[in-house]
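The residues making up each chain are set out below.
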Amino acid sequence: MRLKDKVAIVTGAASGFGEGVAKRFAREGARVVVADTASAGGERVAGEISSAGGRALFLRADVTRAQDWQVLVGATLSAFDRLDIVVNNAGWTHRAKPLVETTEEEFERVYAVNVKSVFLSARAAVPVFRRSGGGCFVNIASTAGVRPRPGLTVYNSSKGAVIVLSRSMAAELGPERIRVNCVNPVFSPYTGLSAEFAGGALSDEALERFRATIPLGRFSTAEDVAGACVYLASDEAAFVSGVCLEVDGARCV
């Protein structure tokens, strides 16, 4: 088990990539805190992990609120007595449309969920990591931050911000043995945001248009993303920090 005895918080873990990461971490021996605003989904994921023999706890948390992060980290320590890994997976996007049609409210929400949340996670978790001699952040960014698609300019820029924020965190926190890395998935129809990325219903034509841009000829899955996160969170990656790992079938080449 590659994450045996480690404790991880996974945000946005009630569905999609986050659910896949939480379940894979549990199979690799981690004790997992499933964090999300969707209580029904979060309870389901935590219950399924427990039923499969793992250890998991659901905690409702809004990642855009500093107080929620403090409660989340505190409750994790109360339940498991340590924290080793934070996976910042929670994300949001506006629907694909021209930049000038994106509203100010949409801009603010994209940056709050995608970027501010990473900052707040550091404010809450870094002091804990310092006390225990190190820790690990894995931030889910996107190929959109590397090779943007038209119509998603604000979302693209937020993921670019996550990439640079992660690299800067890695440089600043490295002397304290705190590692920070990114995973950049390509478009996936298996997440709740896929219709927003596509700008509407996911027709066969729309799916084929996205698939045609991926050299390996398929979309990313939760298991693909989870595998990358397991590696980056494990001791196998003990000397890997500041890396952005594309899980994209060569989309960004």
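What comes next is a walk through the structure. (Residues numbered from 1 in each chain as written. Predicted model: local features only at pLDDT ≥ 70, side-chain atom pairs only at ≥ 80, totals over all residues. Heavy atoms only, no water.)

**Let's talk about the pairing of strand E6 (residues 178–185)**
Counted residue by residue, E6 has 8 buried out of 8 residues, so it is predominantly covered. Neither face of E6 is exposed, since Ile178, Val180, Cys182 and Asn184 on one face and Arg179, Asn181, Val183 and Pro185 on the opposite face are all buried. A crossover connection joins strand E5 (residues 135–140) to the parallel E6 through helix H5 (residues 153–173); in handedness this β-α-β unit is right-handed. Relative to strand E7 (residues 244–247), E6 runs parallel, the two being bridged by 4 bridges. The residue bridging Val183 from the neighbouring strand is Leu245, located in E7. (Buried < 20%, exposed > 50% of the residue type's maximum accessible area, 1.4 Å probe, protein only. Helix = DSSP H or I, 4+ residues; strand = E, 2+ residues; numbered from the N terminus. Right-handed = clockwise from strand over helix to strand, strands pointing away. Pairing = 2+ DSSP bridges.)

**Re the sheet that holds strand E1 (residues 7–11)**
As summarised here, the arrangement of the 7 strands in space is E3-E2-E1-E4-E5-E6-E7, forming an open sheet in which the pairing is parallel. Across the chains shown, the open sheet's two edge strands, defined by having one partner strand only, are strand E3 (55–60) and E7. Ignoring strand direction, the axes of neighbouring strands in this sheet form an average angle of 20°. Lying on the sheet, helix H1 (residues 16–27) is in contact with E1, strand E2 (31–36), strand E4 (85–88) and E6; it crosses E1 at an angle near 170°. Set on the sheet, H5 makes contact with E5, E6 and E7; between it and E6 the angle comes to about 160°. (Axes fitted to C-alpha atoms, helices over the stretch in contact; angles between N-to-C directions. Contact = heavy atoms within 4.5 Å.)

**A look at a nonpolar patch on the surface**
A surface patch of nonpolar side chains, amounting to about 200 Å² of accessible area, comprises Tyr231, Val243 and Leu245. Counting through the fold element by element, Tyr231 comes out in helix H8 (residues 222–233). Given a relative accessible area of 31%, Tyr231 falls into the partly exposed group. (Patch = residues over 30% accessible without salt bridge, like charges linked within 9 Å, V, L, I, M, F, W, Y side chains within 5 Å. Areas by Shrake-Rupley, 256 points an atom, 1.4 Å probe, with all protein chains shown as cover. Salt bridge = Lys/Arg side-chain N within 4 Å of Asp/Glu carboxyl O.)

**With respect to the nonpolar core**
Ranked by size, the top nonpolar core spans 33 residues in total, and within it Phe25, Val34, Val138 and Val183 carry the most contacts. For this core, the secondary structure elements donating two or more residues are E1, H1, E2, helix H2 (39–51), E3, E4, E5 and H8. Here this core takes 7 residues from H8, the largest share from any one element. Aside from chain neighbours lying at most four places away, what touches Phe25 is Leu3, Ala8, Ala30, Val32, Ile85, Val87, Cys229, Val230 and Ala233. Counting 28 residues, the second largest nonpolar core, distinct from the first, contains Ile9, Val86, Ala124 and Ala125. (Core = buried A, V, L, I, M, F, W, Y, C linked by side-chain atoms within 4.5 Å.)

**Details of the environment of Lys23**
Here Lys23 shows up in helix H1. Sequence spacing of Lys23 and Gly133 is 110 residues, and the spatial spacing of their C-alpha atoms is 26 Å. For Lys23, the residues in contact, after removing those within four places along its chain, are Arg44, Val45, Glu48 and Ile49. A polar side-chain atom of Lys23 sits 2.5 Å from a polar atom in the side chain of Glu48. (Polar contact = N/O pair within 3.5 Å; in protein donor to acceptor, adjacent residues only side chain to side chain.)

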